[in-house]
Amino acid sequence: MDDELIDGAGLSLTRKSRLPGTGFFYPDSLDEDRTEERVAEAVDGAEAVVVADTDADGLGCVALLREVYDASLAWASFADDLSDRVDRWGSDEPAPDADDPEDGEDRPDSTVALVGAGPYSLDDALEHVVAYAPAGIDLYVCDLCPDEYGWIADELDAAVDLADAVAWYDHHQWDDSAAAAVRDAGVDLVVGESDEECSTDVTLRSLDHDFDDRWVDLAAVTRDHDLWLKEDPRSDDLADYAYWTDPEEYVTMVGTFGADLPDVVAEYIELRRVEKDELIEAAVSRAEHKRVGPWTVGVTYGRCSQNEVAEALREQGADAAVVVKPAGSASIRGSETFERAHEVAGRVNGGGHPRAAGCKPDIYDDMLDYAHHWTTEGATAKRVILRAFEAVAAEADGEKEDAVDAEDAADGAADDAGTDDGAADDPAGDAGTDAE
């Protein structure tokens, strides 16, 4: 296949919006081999390993742990490369594919190794750590939650046997049985309230270390974006930068500067936001609003920043927003009037939080299914997810009816009790009537 066919750099914005990024077209087998090589390189000689999600929240946890171990990298080793990227994005040449984070090579290594993982690759990440990390390490898992304990059980047991200690810091909604099984395996699991804390918050309060105010501020700004509070403008900067750059660069930057970005990072973000804003506008323009039960659901398709698209759909009156991506996954975002996003996602091969969740419907059997997905702007995925909304709406209606029945029953019991109490208060009343 001609490389230009999968390289998004020369595509028009409307085509780029409808197609997945370059990385989608690489076979998983090649990606898995390279991932294993990178883990082996990263953990070689490490004293601690952090398996973490590579968004701003997960990487914030890594930065905190490197501070504890005095293992932060020097920002100077990244600054020159970032300056070169600023020049490239600021030139008249076609911009690189914005959905594929730039992955630095030949980076210095920290003795606190970072192993990036997602909720569906956690088992592989743990397996690689066991295969290549030295015995006696401190192992941490951050900002990740298994849907079921069974599929990581063997890998986690092996990791516990390898490590001197294992701690797990997260803020997602855990199944009680999964949490109990992880703790029974010998892991120090700390799970924060998903609507109050991010994983960086949980890590900050769980580590026995005297962090200065810079780290408290970093956790607060990370939380602002991760919980979609939208009160601190710096939080979008952190989230975008974490997505657009190599994880090691992000960890080093926040470890050096906290949430206050240096000028070169701010410039880089502003340059990349030009295309980001155009992709957001394209996704919003093709959105439809559907009425499902008591809710209005905004549904759209495209490569875009789902949070900003969801916010725009909420401003148009949506209680919930669904953004179906060209790669087949979808983001579900809620609001004050819809806090069941995780329930919808759970019915479509996913999970998450009450107001923020993700899924990937199991509807793609071959490349023809993906071709249909791209040319119909995710029509099948949209139908499947909307059916999940309908099921949750029916369940919510049933809960409402049960609550009304329970309230009626309680009112009836109170009325009956009131009648009985009245007779008891005047035991001679009926007797007096009879005597007359």
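Keep in mind it's a predicted model, so treat the numbers as computed, not measured.

Trainee: When you look at the overall build of the protein in this model, what are you seeing that I'm missing?
Mentor: On a plain count of helices and strands, the protein comes out with 17 helices and eleven strands. Put simply, the protein has 436 residues, and 49% of those count as buried. When contacts within the protein are restricted to residue pairs at least 6 apart in sequence, those whose partners lie at least 24 apart make up 67%. In the form shown here, the protein has an accessible surface area of approximately 20,700 Å², with 46% of it arising from carbon and sulfur atoms.

Trainee: Mind showing me how you'd approach the packing of aromatic side chains here?
Mentor: Here the distance between the centres and the angle between the planes together describe a pair of aromatic rings. Per the counting criterion, the structure on display carries 15 aromatic pairs. Aromatic pair Trp-75 and Phe-78: ring centres 6.4 Å apart, planes at 20 degrees, arrangement stacked. Residues Trp-75 and Phe-78 agree in their burial class; the two are buried. Their ring planes at 90 degrees and their centres at 5.8 Å tell us that Trp-75 and Phe-257 sit as a pair that is edge-to-face. Linking Trp-75 in the loop between helix H3 (56-68) and helix H4 (76-89) with Phe-257 in helix H11 (residues 247-257), this pair joins segments that are 182 residues apart in sequence. Residue classification places Trp-75 among the buried residues on the basis of a relative accessible area of 11%. With relative accessibility at 28%, the residue Phe-257 sits in the partly exposed group.

Trainee: Can you help me understand a negative patch on the surface in this one?
Mentor: A cluster of acidic side chains, namely Asp-80, Asp-84, Asp-87, Asp-263 and Glu-267, defines a negative patch on the protein surface. Elements that contribute at least two residues to the negative patch include exactly H4 and helix H12 (263-285). With respect to the helices and strands, the residue Asp-263 is situated in helix H12.

Trainee: Sorry, what's going on with the sheet that holds strand S3 (residues 138-142) here?
Mentor: Remark on secondary structure: sheet strands pair via backbone hydrogen bonds, oriented parallel or antiparallel. Spatially, the five strands line up as an open sheet ordered S2-S1-S3-S4-S5, and their pairing is parallel. The open sheet is flanked by strand S2 (112-116) and strand S5 (188-191), the only strands paired with a single partner. With direction set aside, neighbouring strand axes in the sheet form an average angle of 15 degrees. Looking at chain direction, S3 and strand S4 (residues 165-170) are connected through five bridges and run parallel. By the bridge assignment for S4, Val-141 is matched with Trp-168. Contacts from H3 reach strand S1 (48-52), S2 and S3 within the one sheet, and its direction differs from that of S2 by about 170 degrees. Where helix H8 (residues 199-206) meets the sheet, its contacts fall on S3, S4 and S5, and the angle it forms with S4 comes to roughly 135 degrees.

Trainee: How do you make sense of the packing of H3 against helix H9 (residues 213-226) when you look at a structure like this?
Mentor: When two helices pack together, their arrangement is given by the angle between the helix axes and by the axis-to-axis distance. At a minimum axis separation of 10 Å, H3 and H9 run at an interaxial angle of 165 degrees. Taken together, the axis directions place H3 and H9 in an arrangement best described as roughly antiparallel. Of the two possible hands of crossing, H3 and H9 adopt the one that is left-handed. Contact residues: Ala-56, Asp-57, Ala-63, Leu-64 and Glu-67 in H3; Arg-214, Trp-215, Thr-222 and Asp-226 in H9. Looking at the contact of H3 with H9 residue by residue, the classes come out as four nonpolar, one polar and four charged.

Trainee: What should I look at first to understand the pattern of salt bridges in this one?
Mentor: If the charged atoms of two oppositely charged side chains come close together, the side chains can form a pair. Counted by the stated rule, this structure contains 23 salt bridges. Ionic pairing is found between Arg-273 and Asp-240, a salt bridge with its closest N-O pair at 2.9 Å. Of the two residues, Arg-273 is situated in helix H12 and Asp-240 in helix H10 (residues 234-244); the sequence distance between them amounts to 33 residues. In this pair, the class of Arg-273 matches that of Asp-240, namely buried. Among the ionic contacts, a cluster of salt bridges with common partners joins Asp-237, Asp-240, Glu-270, Arg-273, Lys-276 and Glu-308.

Trainee: How do you make sense of the sheet that holds strand S6 (residues 288-292) when you look at a structure like this?
Mentor: Taken in spatial order, the six strands make up an open sheet running S6-S7-S8-S9-S11-S10, and their pairing is mixed. One side of each edge strand has no neighbouring strand; the edge strands of this open sheet are S6 and strand S10 (350-352). The average angle at which neighbouring strand axes cross in this sheet is 20 degrees, direction not considered. Taken together, the four bridges between strand S8 (residues 320-324) and strand S9 (residues 330-333) define a ladder with antiparallel strand orientation. Within S9, the residue paired with Val-324 across the bridge is Ala-330.

Trainee: How should the side chain of Lys-382 be read in this particular structure?
Mentor: The residue Lys-382 is located in helix H16 (residues 379-425) in this model. Within polar-contact distance, the side chain of Lys-382 engages the backbone oxygen of Glu-377 at 3.2 Å. Once residues within four sequence positions are removed from consideration, Lys-382 is found in contact with Glu-288, Val-299, Thr-300, Tyr-301, Val-324 and Glu-377.

Trainee: What is the right way to read the nonpolar core from this model?
Mentor: Nonpolar side chains tend to gather and get buried jointly when the protein is soluble and globular. Of all hydrophobic cores here, the largest spans 48 residues; its most connected members are Trp-75, Tyr-140, Leu-238, Tyr-241 and Val-265. Broken down by element, the residue count for this core peaks at seven residues, all from H3. Ignoring any residue separated from it by four or fewer positions in sequence, one finds Leu-238 in contact with Ala-56, Leu-218, Val-221, Thr-222, Tyr-250, Met-253, Val-254, Ala-259 and Leu-261.

Trainee: In this structure, what is going on with H3? I would like to understand it.
Mentor: Structurally, the α-helix is built with 3.6 residues per turn, so residues lying three or four positions apart point the same way. With 13 residues, H3 ought to run about 18 Å at 1.5 Å a step, and its terminal C-alpha atoms sit 19 Å apart, in line with that. When you tally the buried positions in H3, you get eleven out of 13 residues, the bulk of the element. Taken together, the buried positions of H3 are Ala-56, Asp-57, Gly-58, Leu-59, Gly-60, Cys-61, Val-62, Ala-63, Leu-64, Leu-65 and Arg-66. Phi for Asp-70, located one or two positions after H3, is positive at around 55 degrees.

Trainee: I'm lost on unusual backbone geometry in this one. Help?
Mentor: Note: most peptide bonds trans; most residues except glycine with negative phi. Backbone geometry at Asp-143 places phi at a positive 60 degrees, although glycine is not the residue there. A residue is classified by how much of its surface remains accessible, and Asp-143, at 3% relative accessible area, is buried. One non-glycine residue, Lys-230, adopts positive backbone phi at about 60 degrees. Considering the arrangement of structural elements, one finds Lys-230 in the loop between H9 and H10. Given a relative accessible area of 36%, Lys-230 falls into the partly exposed group.

Cut-offs and rules
- Residues numbered from 1 in each chain as written.
- Predicted model: local features only at pLDDT ≥ 70, side-chain atom pairs only at ≥ 80, totals over all residues.
- Heavy atoms only, no water.
- Helix = DSSP H or I, 4+ residues; strand = E, 2+ residues; numbered from the N terminus.
- Buried < 20%, exposed > 50% of the residue type's maximum accessible area, 1.4 Å probe, protein only.
- Contact = heavy atoms within 4.5 Å.
- Areas by Shrake-Rupley, 256 points an atom, 1.4 Å probe, with all protein chains shown as cover.
- Phe/Tyr/Trp six-rings, centres within 6.5 Å; stacked < 30°, edge-to-face > 60°.
- Patch = residues over 30% accessible without salt bridge, like charges linked within 9 Å, V, L, I, M, F, W, Y side chains within 5 Å.
- Salt bridge = Lys/Arg side-chain N within 4 Å of Asp/Glu carboxyl O.
- Lys, Arg positive; Asp, Glu negative; His and termini not counted.
- Charge placed at Lys NZ, Arg CZ, Asp CG, Glu CD.
- Pairing = 2+ DSSP bridges.
- Axes fitted to C-alpha atoms, helices over the stretch in contact; angles between N-to-C directions.
- Parallel < 35°, antiparallel > 145°, perpendicular 65-115°, else oblique.
- Left-handed = near helix turned anticlockwise from the far one by under 90°.
- Nonpolar A, V, L, I, M, F, W, Y, C, P; charged D, E, K, R; others polar.
- Polar contact = N/O pair within 3.5 Å; in protein donor to acceptor, adjacent residues only side chain to side chain.
- Core = buried A, V, L, I, M, F, W, Y, C linked by side-chain atoms within 4.5 Å.
- Expected span 1.5 Å × (residues − 1).

Purely geometric stuff here, so don't read any function into it on its own.
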